[in-house]
2 protein chains.
Amino acid sequence: MFASEKVRKFTEKIFKSLGCSTKDAKLAADVLINADLNGVDSHGVARLAGYVRLYDHGRLNPTPNIKIIHETPSTATIDGDRGLGLVVAPYAMQVAKKKAKKVGSGWVSVQNSNHFGIAGYHAALAVSDDMIGWAMTHSAPLVVPTFSKEKLLGTNPIAVAIPADKEPFFLADFATTAVAYGKMEILQRQGKKAPIGWVQDENGDPTDNANAVKEGGGLLPLGGDREHGSHKGYGLGAVVDILSGVLSGANFGPWVPPFATAGFHDVTAQEVGKGTGHFLGAMRIDGFRPKEDFKQNMDIWINRFRSAKHIDDNPVQIPGDQERNFKAEREISGLPLNEKVVESLLELGERFKVKF
Amino acid sequence: MFASEKVRKFTEKIFKSLGCSTKDAKLAADVLINADLNGVDSHGVARLAGYVRLYDHGRLNPTPNIKIIHETPSTATIDGDRGLGLVVAPYAMQVAKKKAKKVGSGWVSVQNSNHFGIAGYHAALAVSDDMIGWAMTHSAPLVVPTFSKEKLLGTNPIAVAIPADKEPFFLADFATTAVAYGKMEILQRQGKKAPIGWVQDENGDPTDNANAVKEGGGLLPLGGDREHGSHKGYGLGAVVDILSGVLSGANFGPWVPPFATAGFHDVTAQEVGKGTGHFLGAMRIDGFRPKEDFKQNMDIWINRFRSAKHIDDNPVQIPGDQERNFKAEREISGLPLNEKVVESLLELGERFKVKF
């Protein structure tokens, strides 16, 4: 176990070593450490080496001039200037919130960015201002649309954060696939098979091969197969891609540049836009009804769902519960970084002369 | 086969018989006929008798005074005055579009409405104005959250309509469950079993019993079980419920009033808000980037996905293709109304002295 505050300081120093400002390094580290605290190990400091790799390949600008390139009172497009998505997305959310304060809601499409970490972090930035927060991003193509043999979409997550009153806020944050790619990597490390319904092989057949995505297969959309609604997961992932990519002027579909998956993803030279895109939004609760009424009703909603008759010993969870439970535990116990992650951090420490 | 224009005229007359204005009757009929034309038979004139039943129970106001009860430049809440959702939702979309024209986007939460038919109809109303349209609604509780034995959510559909250039527009429109309840009704009529992954029984176990929902079981969220991501379908359905119900001041969760499912759904007297709710939105494309650029990129997106290498003889479809294919066929061939639907229409015709 590793104390999260020590890992945080280390992560900040690595980002500063790349040339990031102290403020940006702190923010970027906060996004990553929060992923680890929330139990989303695949999106935490395990990815730090990936961001450094982006820098090494000239794809990351540590001192970006993030700016609004188009706007109306409630919408904007932002050019991330090849900055860390970890920094560009919170900037975009601030713009969305500012617009929401003025005209009720704010919606920001982002181009020319990079991987932004966990979507939930950014969506949750709206909650303390009594707003509903939205965050989505596309990512490198690992996912096959229904009936496709080709990978054309990323795992394209959506997060929606909704304030409550006495209850902790609601936070849905999920990939639009049956599972995120991180789950496949865990199976690979353990030498285990995948459940049917997570991936298909290169011929488009169901498979339990945890290496299928590397071997010409693809991750399946949420729903798994057509009979169980994979066209819905595909449709949802497509909406995320279009709002993040086509609407912002970033790349889209199979042209979204790779991040963590570099190495087996076929990097195409063709570009149809600028970098990676995101889509963020904020809606003021009191743009619709008095916020006290809303928040009290949210408490009723949450308590009704939480107290539902449940199967065996599995209580019905409210979206966000799992992350909160992890966080409460890990803030005390520390982060259970796996061997390979520790190794990658030690290497970074050596390279940048930062003690881990 | 029944000529759609004849069924349309008949449907208009029935709505007028309830006291609806000519304009409202035409609009309501248009929503229903479009469901039938698009192949969504469960949401077309098969539901006409259901709307009449709502009227008979005093839950439907044929001459509603639909009005904005709260607003900011980009948001509004509308009271549907117990009108037909088929009429209230298009009104709400007009408000959303008007706001989008002024400030870039418009978002409308609706309370005190009724079933609004197919979500896609309302979302698509934005497309001809070069806007992205959103429509969602909650509905009566038929769905079990992950690990719940109780039905707390409706099939809560989401639709997103996105304009393209030379290609027809993109339209994702789907229930946030593995299947819509209409699919179970078809199996019931045919005396067939359901695939595992669509429903659970009263104990929360997987079942192939097509009558399970009537017998204490429930529809499963998109994803099916926890291992295949049912918590994602649950989270998405929950977001739809909160935006439609809690945000508008309508009922929510298990308190959403029943519609077509009246009869086996346990109607509770308790009310936590006003009627049924919806959530609609419109975003101006040129609030983000020049619309010509966006629409040309959408064509590239669509053509790339449509031409993907595919499995067997199943081409990769663009969301909206299936509906369009049905429509092209049925505008010529007519509507294949089933026996029970025809029977219900004949009964309505007799009661209201309208020839079918």
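Computed from a prediction, not measured in an experiment: that's the story for all the values here.

1. Description of the overall build of chain A
- Each helix and strand counted, chain A has ten helices and ten strands in total.
- At 20 Å, chain A has a C-alpha radius of gyration in line with the 21 Å of a compact globule built from 356 residues.
- Counting all 356 residues of chain A, 63% fall into the buried class.
- Contacts spanning at least 24 positions in sequence make up 66% of the contacts within chain A whose residues lie at least 6 apart.
- Of the roughly 13300 Å² that chain A leaves accessible, carbon and sulfur atoms contribute 50%.
- In chain A, 42 positive and 41 negative side-chain charges are present, and the distance between their average locations comes to 5 Å.

2. Structural notes on the domain arrangement of chain A
Residues and elements named next belong to chain A.
- Along its sequence, chain A is organised into domain 1 (1-63 + 320-356) and domain 2 (64-287).
- Summarising the inter-unit geometry, the C-alpha centres of domain 1 and domain 2 are found 20 Å apart.
- Each partner contributes to the interface: domain 1 provides 29 residues, whereas domain 2 provides 26 residues.
- When domain 1 packs against domain 2, close to 2400 Å² is buried across both sides, 60% of that on carbon and sulfur atoms.

3. Some points on the interface of chain B and chain A
- Contacts between the two partners involve 94 residues from chain B, matched on the other side by 93 residues from chain A.
- Contact between chain B and chain A buries roughly 7200 Å² in total, counting both sides, with carbon and sulfur atoms accounting for 69%.
- The largest contributions to the chain B side of the interface with chain A come from B:Phe147, B:Lys232 and B:Phe288, which together make up 11% of the buried area.
- The tally of links between chain B and chain A comes to two salt bridges.
- A:Arg304 serves as the salt-bridge partner of B:Glu150, at 2.7 Å between the closest nitrogen and oxygen.
- Our count for the chain B to chain A interface comes out at 37 residue pairs in polar contact (both at pLDDT 80 or more).
- The greatest single-element share of the side of chain B that touches chain A, amounting to eleven residues, is contributed by helix α7 (residues 230-246) of chain B.
- Here the residues of the side of chain B that touches chain A sort into 52 nonpolar, 30 polar and twelve charged.

Thresholds, definitions, all that
- Residues numbered from 1 in each chain as written.
- Chains lettered and ligands numbered in written order.
- Predicted model: local features only at pLDDT ≥ 70, side-chain atom pairs only at ≥ 80, totals over all residues.
- Heavy atoms only, no water.
- Helix = DSSP H or I, 4+ residues; strand = E, 2+ residues; numbered from the N terminus.
- Rg over C-alpha atoms; globule rule 2.2 N^0.38 Å.
- Buried < 20%, exposed > 50% of the residue type's maximum accessible area, 1.4 Å probe, protein only.
- Contact = heavy atoms within 4.5 Å.
- Areas by Shrake-Rupley, 256 points an atom, 1.4 Å probe, with all protein chains shown as cover.
- Lys, Arg positive; Asp, Glu negative; His and termini not counted.
- Charge placed at Lys NZ, Arg CZ, Asp CG, Glu CD.
- Domains from an automatic or database assignment.
- Buried area = accessible area lost by both parts, 1.4 Å probe.
- Salt bridge = Lys/Arg side-chain N within 4 Å of Asp/Glu carboxyl O.
- Polar contact = N/O pair within 3.5 Å; in protein donor to acceptor, adjacent residues only side chain to side chain.
- Nonpolar A, V, L, I, M, F, W, Y, C, P; charged D, E, K, R; others polar.

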